[in-house]
Amino acid sequence: MRLNQPLLKLPKSFDADRLAAEVRALPATAWLPHPGNYPGNDAVLLVTPEGQMTNGFTGRMAATEHLRACPSVMEVMGEIGAVWGRSRLMGLGPGAVVPPHVDVNYHWRTHMRIHIPVITNPDVRFTCGEQSVHMAPGECWVFDSFQMHNVRNGGVDKRVHLVLDTVEGEEIWDLIDAANSGTAAPPARPPRPLRFETVDMHKIMSPWEVRCHIAFLTDYVLPNPRLAAVLNRLDRFAAAWSSTWSEYEGSPAGLPDYRRLIAGLRQDLMASGGGNLPLQNQVTLARALGELILDVAAPDPAPAAVRLAS
């Protein structure tokens, strides 16, 4: 997903006081430390694999006991109408920061993150790329997480945002189109029961998705004398992946061949230095290729619980 600007306020707002009342009624034990151990950062898990108390990204998503205790939060999610993935209430203590980072992981390449401030203060600033804003209570924002971004709470009170991850269905894009054109929000659709993801990533990545990620990263690579050779090697990798897919599709029997292609690309990029090419967001091409394709395109049949800190 690429937006026309780093941060975009959607033409949608919610009753922050009702949401705040529910947040304040949650027990202290509901708040868990940030998985990246950022000081002053904590979260209440709302949508997780099987509704369990885990920061995992994959599996059948379901409401946790804390989401079921927050009917106003569920109303907001139902009104937006998306299919929901991993979602949380995210807290940021007084003086705390979310340090500058880029969300390179596969999850955020395929998802959009919605921020709805519930409890905040005027000294909270969200910066993405060259844009910095204060998100007011009840507003609804999306942002380009593939750009460098950070958050700082310069106030004396804790900030709490409702943070929802979704796979960008029609409901969200209707709101984005309205925000980009400066028009009113589209007519509200009838409320729907909450819908949750059952699939986060496929067992074997299709050749069409491989090519999609390569094209996405190609747009971000800065000009470099080695770029043409690297792009040629990536085209060859995508073609070989398509050939292997035509033989095995998603069958585990093809894993040795898929992994041979991945190992060969890694080796060639390392030998040529092509993996060190920088992207516009200060991430290297090797890291982005790894997290979007090479680490996830042909995973082990029973992958370990997933990674990550944002």
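A few points on the structure. Remember, predicted model here, so these are calculated numbers, not experimental data. (Residues numbered from 1 in each chain as written. Predicted model: local features only at pLDDT ≥ 70, side-chain atom pairs only at ≥ 80, totals over all residues. Heavy atoms only, no water.)

Looking now at the overall build of the protein. Of the regular secondary structure elements, the protein holds 9 helices and 13 strands. Taken against the 2.2 N^0.38 rule, which gives 19 Å for 310 residues, the C-alpha radius of gyration of the protein at 20 Å falls within 12% of a compact globule. Each principal axis of the C-alpha distribution contributes one length, and for the protein these read about 55 × 40 × 40 Å. Looking at the protein as a whole, 51% of its 310 residues are labelled buried. In the protein, the proportion of contacts linking residues at least 24 apart, taken out of those at least 6 apart, comes to 77%. A total of about 14,100 Å² of accessible surface is found on the protein, and carbon and sulfur atoms cover 54% of it. Treating the 28 positive side-chain charges of the protein as one cloud and the 32 negative ones as another, the clouds have centres 3 Å apart. (Helix = DSSP H or I, 4+ residues; strand = E, 2+ residues; numbered from the N terminus. Rg over C-alpha atoms; globule rule 2.2 N^0.38 Å. Buried < 20%, exposed > 50% of the residue type's maximum accessible area, 1.4 Å probe, protein only. Contact = heavy atoms within 4.5 Å. Areas by Shrake-Rupley, 256 points an atom, 1.4 Å probe, with all protein chains shown as cover. Lys, Arg positive; Asp, Glu negative; His and termini not counted. Charge placed at Lys NZ, Arg CZ, Asp CG, Glu CD.)

Turning our eyes to something else, we now look at the sheet that holds strand 9 (residues 131-133). An order of 6-11-8-9 is seen for the 4 strands of this open sheet, with the pairing classed as antiparallel. Each edge of the sheet is formed by a strand with only one pairing partner; in this case those strands are strand 6 (97-101) and strand 9. When the angles between neighbouring strand axes are averaged without regard to direction, this sheet yields 15 degrees. By the bridge criterion, 3 bridges tie strand 6 to strand 11 (residues 149-153) in an arrangement that is antiparallel. (Pairing = 2+ DSSP bridges. Axes fitted to C-alpha atoms, helices over the stretch in contact; angles between N-to-C directions.)

Scanning all chains against the criterion turns up 0 disulfides. Looking at C140, it has no disulfide partner, and the nearest cysteine sulfur is the one in C128, 16 Å off. A disulfide-free cysteine, C212 has its sulfur positioned 20 Å from the sulfur of C128, the nearest such atom. C212 sits in the partly exposed class, given a relative accessible area of 42%. (Disulfide = S-S within 2.5 Å.)

Between helix 1 (residues 16-25) and helix 3 (residues 71-80), the least distance of the axes is 8 Å, while the angle of their chain directions is 135 degrees. On the basis of their axis angle, the class for helix 1 and helix 3 is oblique. Between helix 1 and helix 3, the contacting residues are R18, L19 and E22 on the first element and P71, S72, V73, E75 and V76 on the second. (Parallel < 35°, antiparallel > 145°, perpendicular 65-115°, else oblique.)

Let us now look at the packing of helix 7 (residues 227-248) against helix 8 (residues 255-272). Between helix 7 and helix 8, the shortest axis-to-axis distance is 10 Å and the interhelical angle comes to 175 degrees. Taken together, the axes of helix 7 and helix 8 lie roughly antiparallel to each other. In this structure, helix 7 contributes V230, R233, L234, F237, A240, W241, T244, W245 and Y248 to the contact, and helix 8 contributes D257, Y258, L261, I262, G264, L265, D268 and L269.

Relative to the 16 Å expected for 12 residues at 1.5 Å per residue, helix 6 (residues 207-218) spans 16 Å between its end C-alpha atoms, a close match to the ideal helical length. The elements touched by buried residues of helix 6 are helix 4 (106-109), helix 7 and helix 9 (285-294). (Expected span 1.5 Å × (residues − 1).)

A word on the layout of surface pockets. Here the second largest pocket is characterised by a volume of approximately 220 Å³. Lining the second largest pocket are 15 residues; nearest its centre among them are K12, E79, I80, A188 and R189. Contributing elements (two or more residues each) for the lining of the second largest pocket: helix 3 and helix 5 (170-181). The biggest single contributor to the lining of the second largest pocket is helix 3, with 4 residues. Considered class by class, the residues forming the lining of the second largest pocket number 7 nonpolar, 1 polar and 7 charged. (1 Å grid on protein atoms, 1.4 Å probe; cavity = no way out; pocket = protein on both sides within 12 Å on 5 of 7 lines; lining within 4 Å. Points joined across faces, edges and corners; volume = space filled by probe spheres on them. Nonpolar A, V, L, I, M, F, W, Y, C, P; charged D, E, K, R; others polar.)

Next up on the list: empty space enclosed by the protein. For the coordinates displayed, the defined rule picks out 5 cavities of 30 Å³ or more. Estimated volume of the largest cavity: approximately 170 Å³. For the largest cavity, the lining is made up of 16 residues, of which M90, V98, R113, H115 and V151 are closest to its centre. Secondary-structure elements contributing two or more residues to the lining of the largest cavity are strand 5 (83-92), strand 6, strand 7 (112-119) and strand 11. No other element matches the 3 residues that strand 5 contributes to the lining of the largest cavity.

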